[in-house]
Amino acid sequence: MEISPGNVSPLASSATIKQMDHGRERSQHGNSLVNILSIWSRQHSGDKQKVQALNVLLLGDRQSGRSSVGNSLIGGHEFQTGACISGVSVTTEYRVLSRNFPRYFRRQGAESDLMLRVIDTPPLPPCPQTVHELCTEGVHVLVLVARTDLPHENTHVEQCVESLFGPDWRHHALLILTEADHLKKVGLRPSGHLTEATDWPGTLASKVVGGVSFLDNSCDWPSISGRPLRDRVLHLSARNHHRALNIRTDVSL
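Computed from a predicted model, the values in this text were never measured in an experiment.

Asks: So what's going on with the overall build of the protein chain? Which residues, and what values?
Replies: Counting secondary structure elements, the protein chain contains nine helices and six strands. The burial tally for the protein chain puts 45% of its 253 residues in the buried class. Contacts in the protein chain between residues far apart in sequence, at least 24 positions, make up 79% of those at least 6 positions apart. For the protein chain, the exposed surface amounts to about 12,900 Å²; the carbon and sulfur share of it is 50%.

In structure tokens:
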């Protein structure tokens with residue numbers, strides 16, 4: 001399914017995800033004749049399991065929820081999160097975490113692993129040299145993170161990514177708006193929020209090809225939002241034929 005700008009990503013419930021995982025497990029480890037023949041064929045052909053590795057760069061202002069989004073993508077709690085003190089961001093250094101998801105999808109008729117390499121960053125603007133050192137092969141997906149309850153923040157995010165990656169950045173970017181529970185408190189729906197937004201989130205949402213996801217911080221991020229976000233990242237990268245963006249190191253942000 002093609003993602004269009006401004007689409008809202010539905011967040012699956014934990015029960016749904018458990019059902020999906022249980023169904024996939026039964027499919028992979030069942031004792032059906034088809035599975036037995038498939039395993040025998042792989043063992044005797046000597047074909048190694050294919051792996052699709054993706055570099056995912058998280059960008060956003062302080063307390064935007066970058067680290068929480070990173071935890072959701074890798075399905076854990078390794079990135080440090082928490083409330084800032086006197087406006088100081090919890091994330092002060094670049095951190096890279098990788099996780100392999102075995103047999104995550106099928107590509108050209110073969111099962112493939114998904115290897116996500118998630119780079120969490122300090123508040124904007126990013127350091128071009130550091131990003132280049134951490135992603136020498138480039139960035140496959142840009143995840144721009146902002147808060148729904150702070151619409152006037154991050155007004156410079158578009159300028160930063162344009163300087164860092166050039167005009168092609170929007171084809172590799174998706175927008176995640178955190179604190180979506182704030183919208184419920186004020187009686188707004190996510191889709192209506194974007195439609196009525198006159199600040200930069202509405203403008204940015206119309207430019208990113210990967211679309212928009214709203215995440216509720218009151219829920220368990222890794223278990224509820226992880227799979228939908230990973231699917232969106234993989235879909236966007238596949239749309240670009242898994243081509244990576246090069247980082248411009250000759251700019252000063």
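From this point, the narrative continues.
Asks: Mind laying out the confidence of the model for the protein chain, listing which residues take part and the relevant values?
Replies: Overall, the predicted model of the protein chain reaches an average pLDDT of 76, with 62% of residues at or above 70. Confidence drops under a pLDDT of 50 for residues 1-31, and excluding neighbours within four residues, the segment shows 58 contacts in the predicted structure.

Asks: Talk me through the packing of aromatic side chains; I want residue IDs and the actual numbers.
Replies: Counted according to the given criterion, the structure contains one aromatic pair. Over the aromatic face of tyrosine 104 sits the side chain of arginine 227, whose NZ or CZ is 3.9 Å from the ring centroid.

Asks: Give me the lowdown on the pairing of strand S3 (residues 110-120), citing residues and values where you can.
Replies: Here S3 lies mainly inside the structure; eight of its 11 residues are buried. Inspection of the sheet shows strand S1 (residues 50-60) paired to S3 by eight bridges, in the parallel sense. By the bridge assignment for S3, valine 56 is matched with valine 118. Relative to S3, strand S2 (residues 95-107) runs antiparallel, the two being bridged by 10 bridges. Across the sheet, the residue bridging to arginine 95 is aspartate 120, located in S3. Taking the residues that link successive antiparallel strands as the turn, the S2-S3 hairpin has two residues, and the phi of glutamine 108 there is positive, at about 55 degrees.

Asks: Explain the nonpolar core to me, using residue names and the numbers behind them.
Replies: Counting residues in each nonpolar core, the largest one holds 26 residues, and the members touching the most others are Leu57, Leu142, Leu144, Phe165, Trp169 and Leu175. Sorting elements by how many residues they give to this core places helix H5 (residues 157-165) first, with five residues. Leucine 142 has contacts with Leu57, Leu59, Phe165, Trp169, His172, Ala173, Leu174 and Leu245, leaving out every residue within four places of it along the chain.

Asks: Explain the sheet that holds S2 to me, using residue names and the numbers behind them.
Replies: If you walk across this open sheet you meet the six strands as S2-S3-S1-S4-S5-S6, and the pairing is mixed. Each end of this open sheet is capped by a strand with a single partner; those strands are S2 and strand S6 (212-214). On average, adjacent strands in this sheet sit at an angle of 25 degrees to one another, irrespective of strand direction. Sheet contacts for helix H3 (residues 66-74): S1, S2, S3, strand S4 (141-147) and strand S5 (173-178); angle to S1, the most-contacted strand, approximately 165 degrees.

Asks: Give a description of H5 that names residues and reports values.
Replies: Of all the residues in H5, the buried ones are Val157, Cys160, Val161, Leu164 and Phe165. All buried residues of H5 project into a common sector of 100 degrees when viewed along the axis, lining one side.

Asks: Kindly report on the side chain of arginine 66, identifying the contributing residues and their values.
Replies: Turning to its location among the elements, arginine 66 is positioned in helix H3. Here aspartate 61 takes part through its backbone oxygen, which lies 2.5 Å from a polar atom of the side chain of arginine 66.

Asks: An account of unusual backbone geometry is needed here, citing residue identities and associated values.
Replies: In this structure, arginine 103 takes a positive phi of about 50 degrees despite not being glycine. Within the secondary structure, arginine 103 sits in strand S2. Residue histidine 241 is not a glycine yet carries a positive backbone phi of 55 degrees. Among the residues examined, histidine 241 registers a relative accessible area of 70% and is labelled exposed.

Asks: Can you break down the environment of threonine 249 residue by residue, with the values?
Replies: Considering the arrangement of structural elements, one finds threonine 249 in the segment after helix H9 (221-239). On the basis of relative accessible area, threonine 249 is assigned to the partly exposed category, the value being 33%. In the structure, threonine 249 is positioned 85 residues away from leucine 164 in sequence and 7.6 Å away in space, judged by C-alpha atoms. Threonine 249 has contacts with Pro128, Gln129 and His132, leaving out every residue within four places of it along the chain.

Asks: Outline the pattern of salt bridges, listing residues and values.
Replies: Applying the stated rule across the entire model yields six salt bridges. Between glutamate 111 and arginine 103 there is a salt bridge, and its shortest N-O distance comes to 3.4 Å. Residue classification places arginine 103 among the partly exposed residues on the basis of a relative accessible area of 24%. For aspartate 231, the salt bridge is made with arginine 227, and the minimal N-O distance between the two is 3.1 Å. With aspartate 231 and arginine 227 both in helix H9, this residue pair falls four residues apart, about one helical turn. Judged by relative accessible area, which is 13%, arginine 227 ranks as buried.

The rules behind each value
- Residues numbered from 1 in each chain as written.
- Predicted model: local features only at pLDDT ≥ 70, side-chain atom pairs only at ≥ 80, totals over all residues.
- Heavy atoms only, no water.
- Helix = DSSP H or I, 4+ residues; strand = E, 2+ residues; numbered from the N terminus.
- Buried < 20%, exposed > 50% of the residue type's maximum accessible area, 1.4 Å probe, protein only.
- Contact = heavy atoms within 4.5 Å.
- Areas by Shrake-Rupley, 256 points an atom, 1.4 Å probe, with all protein chains shown as cover.
- pLDDT = per-residue confidence, 0-100.
- Phe/Tyr/Trp six-rings, centres within 6.5 Å; stacked < 30°, edge-to-face > 60°.
- Lys NZ or Arg CZ within 6 Å of the ring centre and 35° of its normal.
- Pairing = 2+ DSSP bridges.
- Core = buried A, V, L, I, M, F, W, Y, C linked by side-chain atoms within 4.5 Å.
- Axes fitted to C-alpha atoms, helices over the stretch in contact; angles between N-to-C directions.
- Arc of directions from axis to C-beta.
- Polar contact = N/O pair within 3.5 Å; in protein donor to acceptor, adjacent residues only side chain to side chain.
- Salt bridge = Lys/Arg side-chain N within 4 Å of Asp/Glu carboxyl O.

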